Amino acid sequence: MNLSRRMLTKEEEDAVGDEIEVRREDQDKINKFSRLHSRELIIEDELKVKTKEKEELDDITMELELADEDDLVPYKIGDAFFHLPLPQAQELLGLSTAKIEEEIGELEDKMGTIREEMTQLKVELYARFGKTINLET
């Protein structure tokens, strides 16, 4: 992506001079694109957090596989740690992992829907405004 600044050529200046009137429906589409982009960024951040949580749960699961069956392991519930038998801790860990995986799936579905909508809006707005609008995110 080339972001260098340069002077416009005479042809480019003439093309920019042919301003296209922004209708209400165009402005609504631009606003919707902006809202979708904001939502996309929020979901991306949530997805990063959930993915990191899942990786941590997977690491803990691997560590617990090396523990003795008779060991009590500290398990965090809320802000407190409880010492639980290994099988019970592994079961709770499995439930937590399944829940995180479900949440990740939901976020990915939302992200896909948002990106589809944004792509459709890009097509419509670029068709109307051409190079006079920048919708690159």
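By the naming in an unreviewed UniProt entry, the chain goes by Prefoldin subunit 4 and is assigned to Triangularia verruculosa. Per UniProt, the comment on the chain under Function (unreviewed entry) is "Binds specifically to cytosolic chaperonin (c-CPN) and transfers target proteins to it. Binds to nascent polypeptide chain and promotes folding in an environment in which there are many competing pathways for nonnative proteins." Under the heading Subunit (unreviewed entry), UniProt records this for the chain: "Heterohexamer of two PFD-alpha type and four PFD-beta type subunits."

A. Looking closely at the overall build of the chain. If you tally the helices and strands in the chain, you get 3 helices and 2 strands. Split into buried and exposed, the 137 residues of the chain put 19% on the buried side. Contacts in the chain between residues at least 24 apart in sequence constitute 61% of all its contacts with a sequence separation of at least 6. Entry remark: accessible area of the chain is about 10600 Å², with carbon and sulfur atoms responsible for 53%.

B. Region of interest: helix α3 (residues 86–129). Counted at 1.5 Å a residue, the expected span for α3 with its 44 residues is 64 Å, and the 62 Å between its end C-alpha atoms agrees. Just downstream of α3, glycine 130 is the residue with a positive phi angle, here 60°.

C. Examining the UniProt feature "coiled-coil region" (unreviewed entry) in the chain more closely. Taking the UniProt record as the reference, the feature "coiled-coil region" (unreviewed entry) is found at residues 97–124. With 100% helix and 0% strand, the stretch residues 97–124 has end C-alpha atoms that lie 41 Å from each other.

D. Representation of the side chain of glutamate 40 within the structure. Note that glutamate 40 resides in helix α2 (residues 24–65). Once you skip the residues sitting within four places of it in the chain, glutamate 40 turns out to touch Met111, Ile114, Arg115 and Met118.

E. Representation of α2. Given a rise of 1.5 Å per residue, 42 residues ought to cover 62 Å, and the 61 Å separating the end C-alpha atoms of α2 matches this to within 8%. Where α2 is concerned, the buried positions are Asp26, Phe33, Leu36, Glu40, Ile43, Leu47, Leu57 and Leu64. Among the structural elements, β1 (72–77) and α3 are those in contact with the buried residues of α2.

What counts as what
Residues numbered from 1 in each chain as written. Predicted model: local features only at pLDDT ≥ 70, side-chain atom pairs only at ≥ 80, totals over all residues. Heavy atoms only, no water. UniProt positions renumbered as here; feature names shortened; annotations may be inferred. Helix = DSSP H or I, 4+ residues; strand = E, 2+ residues; numbered from the N terminus. Buried < 20%, exposed > 50% of the residue type's maximum accessible area, 1.4 Å probe, protein only. Contact = heavy atoms within 4.5 Å. Areas by Shrake-Rupley, 256 points an atom, 1.4 Å probe, with all protein chains shown as cover. Expected span 1.5 Å × (residues − 1).

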